[in-house]
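Listed below, chain by chain, are the residues.
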Amino acid sequence: MIVFMAVIKVETIINLAQSHGFYYKTTGTWHKLNPMPRNMNLHFINSTESWIYFVNKAHTGTFNNNGKALHDFYETPVTPKSERAFGKHPTQKPVELMNYFVRTLSNPGDLVLDPFMGSGSTGVSAVGLNRRFVGIELDERYFDIASKRLGVDA
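Fair warning: this is a prediction, and the values are worked out from it, not measured in the lab.

Criteria and thresholds
Residues numbered from 1 in each chain as written. Predicted model: local features only at pLDDT ≥ 70, side-chain atom pairs only at ≥ 80, totals over all residues. Heavy atoms only, no water. Helix = DSSP H or I, 4+ residues; strand = E, 2+ residues; numbered from the N terminus. Rg over C-alpha atoms; globule rule 2.2 N^0.38 Å. Contact = heavy atoms within 4.5 Å. Pairing = 2+ DSSP bridges. Salt bridge = Lys/Arg side-chain N within 4 Å of Asp/Glu carboxyl O. Buried < 20%, exposed > 50% of the residue type's maximum accessible area, 1.4 Å probe, protein only. Core = buried A, V, L, I, M, F, W, Y, C linked by side-chain atoms within 4.5 Å. Patch = residues over 30% accessible without salt bridge, like charges linked within 9 Å, V, L, I, M, F, W, Y side chains within 5 Å. Areas by Shrake-Rupley, 256 points an atom, 1.4 Å probe, with all protein chains shown as cover. Polar contact = N/O pair within 3.5 Å; in protein donor to acceptor, adjacent residues only side chain to side chain.

K.L.:
Sorry, what's going on with the overall build of the protein here?
P.N.:
Summing up its helical and strand segments, the protein has 5 helices and 6 strands in all. Counting helices and strands in the order they occur from the N terminus, the protein gives β-α-β-β-β-α-α-β-α-β-α. Rg of the C-alpha trace for the protein: 16 Å, near the compact-globule value of 15 Å for 154 residues, within the 12% margin. With the principal axes as the frame, the protein shows a C-alpha extent of 45 × 45 × 30 Å. The contacts of the protein with a sequence gap of at least 6 include a subset with a gap of at least 24, amounting to 59%.

Given below as structure tokens:
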């Protein structure tokens with residue numbers, strides 16, 4: 001399980017997940033190469049987002065590193081305009097970022113679950129990398145966007 005959040009939430013999420021049987025593996029950072037320069041004259045530009053990696057009911061999980069050292073720091077631009085056209089979800093992740101995690105933490109044919117699907121970037125990644133995908137989204141508007149993006153009738 002990968003969870004993205006602001007760094008201030010990391011300890012809370014780790015404690016909550018562990019209380020429900022998840023095993024904490026590591027915390028990392030996604031560095032956004034081209035973040036929105038909101039309030040740049042008032043404070044630092046928010047160019048990072050934390051992620052936490054857990055496994056459920058085990059201490060190890062799939063880890064496809066091909067013998068290479070993978071760092072807990074990954075850099076990509078924010079979601080490109082070509083992907084933002086699919087709904088401009090406020091926390092939309094670029095498919096390139098999701099590809100990194102789906103490729104590393106699952107194998108072809110595995111099931112990838114995104115319980116907060118938004119506009120469907122994880123699904124696009126999973127399907128493109130030959131994984132099965134289940135997405136859940138409470139907001140009907142984003143569910144419809146993701147369904148269209150994935151070529152599925154809602």
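Past the structure itself, the notes keep going.
K.L.:
Quick question: what am I supposed to make of the pairing of strand E2 (residues 22–32) here?
P.N.:
If a strand is regular, its side chains alternate between the two faces of the sheet. The pairing of E2 with strand E3 (residues 48–56) spans 9 bridges and is classified as antiparallel. The residue of E3 that forms the bridge with tryptophan 30 is glutamate 49.

K.L.:
Please explain the pattern of salt bridges as it appears in this structure.
P.N.:
A side chain with one charge can pair with a side chain of the opposite charge if their charged atoms come near. The final tally for this structure, using the stated rule, is 3 salt bridges. Between lysine 32 and glutamate 49 there is a salt bridge, and its shortest N-O distance comes to 3.2 Å. One end of the pair, lysine 32, is in strand E2; the other, glutamate 49, is in strand E3, and 17 residues separate them in sequence. The same class applies to lysine 32 and to glutamate 49, which are both buried. What you see here is one network of salt bridges that share partners, running through Lys32, Glu49 and Lys93.

K.L.:
Is there a simple way to think about the nonpolar core in this case?
P.N.:
Considering soluble globular proteins, one finds that nonpolar side chains tend to be buried as a cluster. The biggest cluster of nonpolar side chains holds 10 residues, and these are Phe4, Trp30, Trp51, Tyr53, Val55, Tyr74, Leu97, Met98, Tyr100 and Phe101. Counting only elements with at least two residues in this core, the list comes to E3 and helix H3 (95–105). Counting residues in hydrophobic clusters, the runner-up holds 7 residues, among them Val102, Met117, Ala126 and Ala146.

K.L.:
Before we go on, may I ask you to explain a nonpolar patch on the surface in this structure?
P.N.:
Taken together, the side chains of Leu111, Leu113, Val134 and Ile136 present a nonpolar region at the surface, about 350 Å² in accessible area. Residue placement: valine 134 occurs in strand E6 (residues 132–135).

K.L.:
Is there a simple way to think about the side chain of serine 119 in this case?
P.N.:
Following the sequence through the fold, serine 119 ends up in the loop between strand E5 (111–114) and helix H4 (121–128). Serine 119 gets classed as buried once you look at its relative accessible area, which sits at 2%. There is a polar contact of 3.5 Å between the side chain of serine 119 and the side chain of glutamine 92. Discounting chain neighbours no more than four positions away, the residues touching serine 119 are Phe86, His89, Gln92, Tyr142, Ile145, Ala146 and Arg149.

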